[in-house]
Amino acid sequence: MEATEFVQNYYQKRYQTDSLKWDGLEERYGDGKLLPLWVADMDFSVPPFVQETLKKRIDHGIFGYSLVPTSYFSAYEGWQRRHEQTAFQKDWLHFTTGVVQGLYDLISCFTEEDDQIIIQPPVYYPFFDAIKKQKRQLVTSNLVETKAGYQMDLAGFENQLINNNVKLFILCSPHNPVGRVWTKAELTEVFRLCKENDVLVISDEIHSDLILPGYSFVSAVTIAEELNFLDHLIVCNAPSKTFNLAALLNAHIWLPDKDLQIQYQDWANKHRQTENSVLGQLAGLTAYDKGDDWLQSLLSVINQNYQLLKEQLGKNIPEIKVHDLQGTYLAWLDLRNWLKTPETKSFIQEQAGLAIDYGEWFSAETKGFIRINLATSSDNIKFTLNRLYEVNRKIKGGK
Ligand SMILES: Cc1ncc(COP(=O)(O)O)c(C=O)c1O
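Source: prediction; values computed, not measured.

Once that is clear, we can look at the state of the cysteines. All told, the structure shown has zero disulfides when counted by the stated rule. The thiol sulfur of C109 is not disulfide-bonded, and the nearest other cysteine sulfur, from C236, lies at 12 Å. No disulfide involves C194; its sulfur sits 15 Å from the nearest other cysteine sulfur, which is in C172. Residue classification places C194 among the buried residues on the basis of a relative accessible area of 0%.

Have a look at this one:
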């Protein structure tokens with residue numbers, strides 16, 4: 001399906017649907033009238049076959065305790081094989097209500113208070129909270145901006161592992177917010193350092209299906225298999241970003257290693273007694289079974305919105321740097337050559353009327369950056385551009 005047709009079919013108005021993104025604006029930004037381009041969910045309804053599955057289950061009318069549908073595993077395994085080239089195995093899989101909940105649990109299970117955990121800012125802000133709120137020590141190895149885009153600082157990363165006796169690395173792959181899809185070489189090198197220093201890795205791969213043309217996702221499992229490092233690897237992923245299912249509370253933790261499985265099971269027996277989400281699992285399995293073409297069309301919309309943003313800003317406000325988007329639907333913009341950093345909120349939120357994620361949420365060092373959610377209609381992206389041009393006229397006129 002063409003991008004325009006996809007938007008016509010699936011874009012929905014979301015006001016007054018208890019949407020965090022649209023109805024939570026007042027609480028989060030103090031202004032309910034902003035255009036929401038923040039939190040990472042999409043303004044598109046799920047594929048019709050997913051809705052049909054859900055409707056059928058709802059018509060049944062009973063929502064008692066449920067088993068995992070038996071066809072879940074074959075649907076998920078097929079998806080992984082087709083999209084991630086991963087030979088996923090059923091006994092690796094544990095369910096959780098969300099990847100963030102999974103990260104909290106894994107930190108609690110596999111580390112002790114005061115253990116050192118490393119992340120690579122600017123990065124998805126709940127990583128910081130999951131570490132600090134559970135009284136672990138935060139170690140950072142910032143990504144570095146080079147002419148070729150963001151890269152891992154491998155020498156700095158190695159120093160941090162050694163100097164801090166790091167126990168756990170939380171990798172974001174693809175990376176939110178900088179939009180990088182890590183290459184095989186980068187992943188191999190960073191995993192090699194973890195192996196040498198006996199560091200456990202959690203790879204958060206929730207965005208792994210959202211890959212733009214020209215890039216290929218490489219699963220942590222592929223690298224760990226080659227390095228004989230599966231005994232130190234945990235992967236988290238979910239159908240929620242790909243198919244817009246976050247509120248149905250179904251996500252995955254993979255534990256390829258038997259000892260890690262036993263340790264997690266033992267921990268979960270003491271601390272986790274949640275049930276499965278029957279609606280989440282039915283939606284997920286149907287999407288995995290039939291969602292290949294839908295995903296391709298979605299990606300063409302994201303790519304179209306990204307190209308529009310990049311080209312138009314390049315022409316009209318070249319001071320704004322739009323970082324290359326390789327994966328995710330989240331564009332990362334550097335406004336520092338355009339606005340004085342302390343004025344970002346006043347221009348973007350108060351004058352342009354946009355609700356975006358601020359750079360400082362992802363790292364103290366990325367003040368003056370913003371993250372824009374592109375999983376919306378092209379009209380909303382055009383509206384965003386026009387608001388930015390208006391602000392630009394004021395700025396230039398005022399100089
Ligand atoms: C890297 C990353 N991990 C996890 C999540 C959230 O996952 P969940 O809703 O399953 O907790 C997000 C959402 O934006 C994300 O970007």
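Let us keep going from here.
Below, the discussion takes up the pattern of salt bridges. Going through the model one piece at a time under the given rule, you end up with 19 salt bridges. In this structure, R81 and E77 form a salt bridge, with 3.1 Å as the shortest nitrogen-oxygen distance. Placement of the pair is R81 and E77 together in helix α5 (residues 71-84), with a separation of four residues, close to one helical turn. One salt-bridge network, in which partners are shared between bridges, spans R14, K21, D41 and D43.

Turning our eyes to something else, we now look at the UniProt feature "domain: Aminotransferase class I/classII large" (unreviewed entry) in the protein chain. Per the UniProt record, "domain: Aminotransferase class I/classII large" (unreviewed entry) is annotated on residues 79-382. Spanning residues 79-382, this segment combines 41% helix with 17% strand, and its end C-alpha atoms are found 34 Å apart.

The probe, sized like a water molecule, is rolled over the atoms to show the empty space still left. Quantified by volume, the largest pocket comes out at close to 1200 Å³. Every element with two or more residues in the lining of the largest pocket is listed here: α4 (48-60), α6 (99-110) and α11 (240-243). Grouping the constituent residues of the lining of the largest pocket by class yields 21 nonpolar, 13 polar and 10 charged. When residues are assigned to domains, the lining of the largest pocket turns out to be shared by domain 1 (3-48 + 292-394) and domain 2 (65-290), each giving three or more. The computed volume of the second largest pocket comes to approximately 360 Å³. In terms of lining, the second largest pocket is formed by 18 residues, of which the most central are F95, A268, R272, T274 and N276. Breaking the lining of the second largest pocket down by element, the ones donating at least two residues are β2 (93-96) and α12 (258-271). In the lining of the second largest pocket, the residues fall into five nonpolar, 11 polar and two charged.

What follows covers helix α14 (residues 292-316). Between its terminal C-alpha atoms α14 stretches 36 Å, which fits the 36 Å expected from 25 residues at 1.5 Å a residue. Listed as buried for α14 are W294, L295, S297, L298, L299, V301, I302, N303, N305, Y306, L309 and L313.

This model, assessed by the stated rule, comprises one cavity of 30 Å³ or more. As a volume, the largest cavity reaches approximately 30 Å³. Lining the largest cavity we find W79, Q80, E84, E205, S208, D209, N237, A238 and Y288. Per-element tally for the lining of the largest cavity: the top contributor is α5, with three residues. When the residues that make up the lining of the largest cavity are grouped by side-chain class, the tally is three nonpolar, three polar and three charged.

Conventions used here
Residues numbered from 1 in each chain as written. Predicted model: local features only at pLDDT ≥ 70, side-chain atom pairs only at ≥ 80, totals over all residues. Heavy atoms only, no water. Disulfide = S-S within 2.5 Å. Buried < 20%, exposed > 50% of the residue type's maximum accessible area, 1.4 Å probe, protein only. Salt bridge = Lys/Arg side-chain N within 4 Å of Asp/Glu carboxyl O. Helix = DSSP H or I, 4+ residues; strand = E, 2+ residues; numbered from the N terminus. UniProt positions renumbered as here; feature names shortened; annotations may be inferred. 1 Å grid on protein atoms, 1.4 Å probe; cavity = no way out; pocket = protein on both sides within 12 Å on 5 of 7 lines; lining within 4 Å. Points joined across faces, edges and corners; volume = space filled by probe spheres on them. Nonpolar A, V, L, I, M, F, W, Y, C, P; charged D, E, K, R; others polar. Domains from an automatic or database assignment. Expected span 1.5 Å × (residues − 1).

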